[in-house]
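Chains, contacts and geometry: an overview
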Amino acid sequence: MLQTLFRQTLPLWIVLLCASAAPAAPISTPENMAERVRACTACHGEQGRAAPDGYYPRLAGKPAGYLYHQLLNFAEGRRRYGSMAQLVQPLSDDYLLRMAQHFASLDIPYPAPSREAPRISPQDLERGRQLAVHGNPARQLPACTACHGAALMGTEPNVPALLGLPLDYLTAQLGAWQTGERRAHAPDCMAAIVRRMTPGDIISVASWLSMQPVPAATHARTLQQGLLLDDSLRCGSAPELNPQPHKKGQP
Amino acid sequence: MKKWPLWVLVPLQVSAALWLLMAAWVLWDNWGRQASTPSTAETLSTTHTDQQQIERGQYLARAGNCIACHSVRGQPLMSGARAIDTPFGTVYSSNLTPDPETGLGGWSAQDFWVALQLGRTPTGRLLVPVFPYNHTRLISRSDSDALWQWLQSLPPAHQAQPAHTLRWPLGTQAALAVWRSLYFDASAKVDAPPEAPTAMQRGAYLVEALGHCAACHGQRDLLGGFPDVQDLYGAAMPTQGWYAPDLLSDAQTGILSMDTAQWLRRLQTGYHDRSVASGPMAEVVQHSLQYLSEADAQAMLVYLQNRARQQTQIHNAPAPAPRWSVLDIGQDIYKNQCAQCHGKQGEGMPQAYPSLAGSLAIQQSDPTNLVLSVLQGGYGPSTQLRPSPYGMPPFKLTLDDRQIAAVLSYVRSQWGNQASEVTPLQVNRIRASTDH
């Protein structure tokens, strides 16, 4: 009786046996990208980390288009950091794109924002919030949310999240944009915006951003049609942010 | 007016006359030898279709690594303006696309041939010798014409060549003329390469003419004088910090002891089981060597191996083992930082990370390239056969000079390796020379 039962359910037993053995086998993608990007994760880590020469941002879960453009920016001299340039120069555009896609596909929880008390006054912090959420139309400063999304978690495929980044990284990047040390594909909308900001604006916005908690859904959002930039500000690195020019013969 | 005494006047006049004579000779040497302008007949031939000729030109441009210097990543192919650092200042490459204003739009095939032969533009302007015209003058007329046809087939790109920032007076035409009279013999006879070359002859042509290997692997003097086109005896690359090894030394490159299949793979992919092309050589593999036909790559090897056999090969004497105190530190660092990829016994991981045991690259008596590899890390080049290479992280912020010296001394003395200890001072100097 038992023997019959066992015989009849033999396939099931075999499947169960295989299932329990399977996790022991190494899990690897056919391309083994995790192994191929070890030179990257040594510095960037899973969630980014600080080093004596600055802060290495996290890469996981950022939009692939954004990451790919940054790799090209290092290879083509629009962003300058010796170690990054040396690493990416011998690599083809195609391989850089696959690296970007690999990091974009990872899902790693963001660290909680720093608990440190802000080093600026509550008024300045409020000014930072105002600028980030509403911008300042009188000074032609769009809100961060206009492009980076209402949740500030970025928009696919080219605009990165602004939350989950430490204060020193944010201020360093905004400063680099202001001095031309960091650039994007022309027309460089971010450079145009940052050049309209004062040092006070930068520290206020960066401080406010660095203190916001990261929402549970960490992936970049799809572009909201209502958030498009007007024609005065065009983005070479994210052309989808501008309304498509009307084609001839169409209304 | 008081007359100059004769004992002053005569030597003055003699020396003035000598100076004038020399200046006249320099002038004639650089601009006067019109008669010696090579008059080989054009071969813009009817025997090949244009498309075949253009493809041949592209192949030759790759074999000559023209693209690496005359293109900037992200900019139109061959539109120049790449900054090249030299000990004398920064030089920018020229735009070779057919753009009429900023490129070679107004040139003829003959003008291009003369530029390759004499390092001179049609207007008589002398070109800065970062352009290796001591090598390009060995290029055959038919290859020059094929190159020309390929260049003319490219889309014209409007990109002005930025002005060189050479220290005065080095960039002036007068200084270039004097330099050329010292180092460049435009009148030396060049034998046209044979119609049906042997592998050895073809290899010589690829190494000495197109490939201009001596430009890095040969030794320049203090004035940056061209090395002989056959000088492959190794040289420290100024400004970049890397050491371009002696290609004919078996101890440095394994040119004789490594098997041919491994060598071919090294040329085509920059990778073999015991070393990876890095720094400037990665660029050569990326833009040039990976595209060589199997026959041409083999011809280069035949040439190098034949010449290496004629050299007296000196093998490094085994060095005494480093001190235990150093080895202890080195072993610890190796376990924590290196063994994951390079293996507990330095065995590497096939196809991904080179083995360190028995590696010549690890055991060079001059540890410059080794130290640079640890400081800067790096990927091998993406190539057709190996499009997605593995990489090594930079350690310049993680490990200090003492630690790098210790871990390198460790790997240089383990698993059969017998090379000398690396000192923290050596690491410090190499780090300082490349930290910009």
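Residues numbered from 1 in each chain as written. Chains lettered and ligands numbered in written order. Predicted model: local features only at pLDDT ≥ 70, side-chain atom pairs only at ≥ 80, totals over all residues.

**Overview of the overall build of chain A**
- When helices and strands are counted, chain A shows 12 helices and 2 strands.
- Listed N to C, the secondary structure of chain A is α-α-α-α-β-β-α-α-α-α-α-α-α-α in terms of helices and strands.
- When the 251 residues of chain A are sorted by exposure, 33% land in the buried category. (Helix = DSSP H or I, 4+ residues; strand = E, 2+ residues; numbered from the N terminus. Buried ≥ 20, exposed ≤ 12 C-beta atoms within 10 Å, placed from the backbone.)

**Looking at the overall build of chain B**
- In terms of helices and strands, chain B carries 17 helices and 9 strands.
- Taken over C-alpha atoms, the radius of gyration comes to 25 Å for chain B, in line with the 22 Å a tight globule of 436 residues would show.
- With the principal axes as the frame, chain B shows a C-alpha extent of 80 × 75 × 45 Å.
- Among the 436 residues that make up chain B, the fraction classed as buried is 42%. (Rg over C-alpha atoms; globule rule 2.2 N^0.38 Å.)

**Looking at the domain arrangement of chain A**
Residue and element names in this part refer to chain A.
- Splitting chain A by domain gives domain 1 (40-105) and domain 2 (122-241).
- Each of domain 1 and domain 2 has a C-alpha centre, and the two are 20 Å apart.
- On the side of domain 2, 21 residues touch domain 1, which itself brings 14 residues to the contact.
- Of all elements in the fold, only strand 2 (54-56) and helix 5 (64-75) reach the threshold of two or more residues within the side of domain 1 that touches domain 2.
- With 5 residues, the top contributor of residues to the side of domain 1 that touches domain 2 is helix 5.
- In terms of residue class, the side of domain 1 that touches domain 2 is built from 5 nonpolar, 5 polar and 4 charged. (Domains from an automatic or database assignment. Contact = placed C-beta atoms within 7 Å. Nonpolar A, V, L, I, M, F, W, Y, C, P; charged D, E, K, R; others polar.)

**Examining the domain arrangement of chain B**
- According to the domain assignment, chain B consists of domain 1 (40-183), domain 2 (199-310) and domain 3 (324-434).
- For domain 1 of chain B and domain 3 of chain B, the distance between their C-alpha centroids amounts to 39 Å.

**Re the interface of chain B and chain A**
- Opposite the 21 residues of chain B that make contact, chain A presents 18 residues.
- At the level of elements, helix 12 (280-287), strand 8 (378-379) and strand 9 (391-392) of chain B are the ones that each hand at least two residues to the side of chain B that touches chain A.
- With 3 residues, helix 12 of chain B is the single largest residue contributor to the side of chain B that touches chain A.
- A class-by-class count of the residues in the side of chain B that touches chain A yields 10 nonpolar, 9 polar and 2 charged.

**A word on helix 4 (residues 109-118) of chain B**
All names here are of chain B.
- Considered for burial, the residues of helix 4 that qualify are Phe112, Trp113, Ala115, Leu116, Gln117 and Leu118.
- Elements in contact with the buried residues of helix 4: helix 5 (133-136) and helix 6 (141-153).
- Of the residues trailing helix 4, Gly119 is marked for its positive phi of about 60°.

**A few points about the confidence of the model for chain A**
All names here are of chain A.
- Considering every residue of chain A, the mean pLDDT works out to 83; 83% of them sit at 70 or more.
- Taken element by element, chain A is modelled with least confidence in helix 2 (residues 10-21), mean pLDDT 49, and with most confidence in helix 5, mean pLDDT 96.
- Low confidence marks residues 15-29, where pLDDT is under 50. Its contacts with residues over four positions away, or in another chain, come to 0 contacts.
- Here residues 247-251 is modelled with pLDDT under 50, and outside its nearest four sequence neighbours on either side it reaches 0 contacts, counting other chains as well. (pLDDT = per-residue confidence, 0-100.)

**Comments concerning the environment of Ala277(B)**
Residue and element names in this part refer to chain B.
- Inspection of the secondary structure puts Ala277 in the loop between strand 7 (275-276) and helix 12.
- Taking the C-beta count within 10 Å as the criterion, Ala277 has 24 such neighbours and is therefore assigned buried.
- Considered as a pair, Ala277 and Pro100 are 177 residues apart in the sequence and their alpha carbons are 38 Å apart.
- Other than its neighbours up to four places away in sequence, Ala277 contacts Gly270, Ala282, Val285, Gly380 and Pro381.

**Thoughts on the packing of helix 14 (residues 324-342) of chain B against helix 16 (residues 401-411) of chain B**
Residues and elements named next belong to chain B.
- At a minimum axis separation of 7 Å, helix 14 and helix 16 run at an interaxial angle of 90°. By the angle between their directions, the pair helix 14 and helix 16 is classed as roughly perpendicular. Along its contact with helix 14, which presents Val326, Leu327, Ile329, Gly330, Gln331, Ile333, Tyr334 and Cys338, the element helix 16 presents Gln403, Ala406, Val407, Ser409, Tyr410 and Val411.
- Here the contact of helix 14 with helix 16 is built from residues that sort into 10 nonpolar, 4 polar and no charged. (Axes fitted to C-alpha atoms, helices over the stretch in contact; angles between N-to-C directions. Parallel < 35°, antiparallel > 145°, perpendicular 65-115°, else oblique.)

**Comments concerning the nonpolar core**
- By size, the foremost hydrophobic cluster in this structure holds 86 residues, and its most contacted members are Leu151(B), Val371(B), Ile404(B), Val407(B) and Leu408(B).
- Broken down by element, the residue count for this core peaks at 7 residues, all from helix 16 of chain B.
- Beyond its immediate stretch of four places on either side in the chain, Val371(B) contacts Ile404(B), Leu408(B), Val422(B), Gln426(B), Val427(B) and Ile430(B).
- Counting 52 residues, the second largest nonpolar core, distinct from the first, contains Ala39(A), Leu67(A), Ala100(A) and Leu165(A). (Core = buried A, V, L, I, M, F, W, Y, C linked by C-beta atoms within 7 Å.)

**Remarks on unusual backbone geometry**
- Along the chain, Ala186(A) connects to Pro187(A) via a cis peptide bond; the corresponding omega equals -10°.
- Relative to the elements of secondary structure, Pro187(A) occurs in the loop between helix 10 (167-179) and helix 11 (189-195).
- Put simply, Trp168(B) and Pro169(B) share a cis peptide bond, and its omega is 0°.
- Mapped onto the elements, Pro169(B) comes out in the loop between strand 3 (165-166) and helix 7 (173-183).
- Of note, Ala81(B) is a non-glycine position whose phi angle comes to about 70°, a positive value.
- Structurally, the position occupied by Ala81(B) is in the loop between helix 3 (66-70) and strand 1 (83-86).

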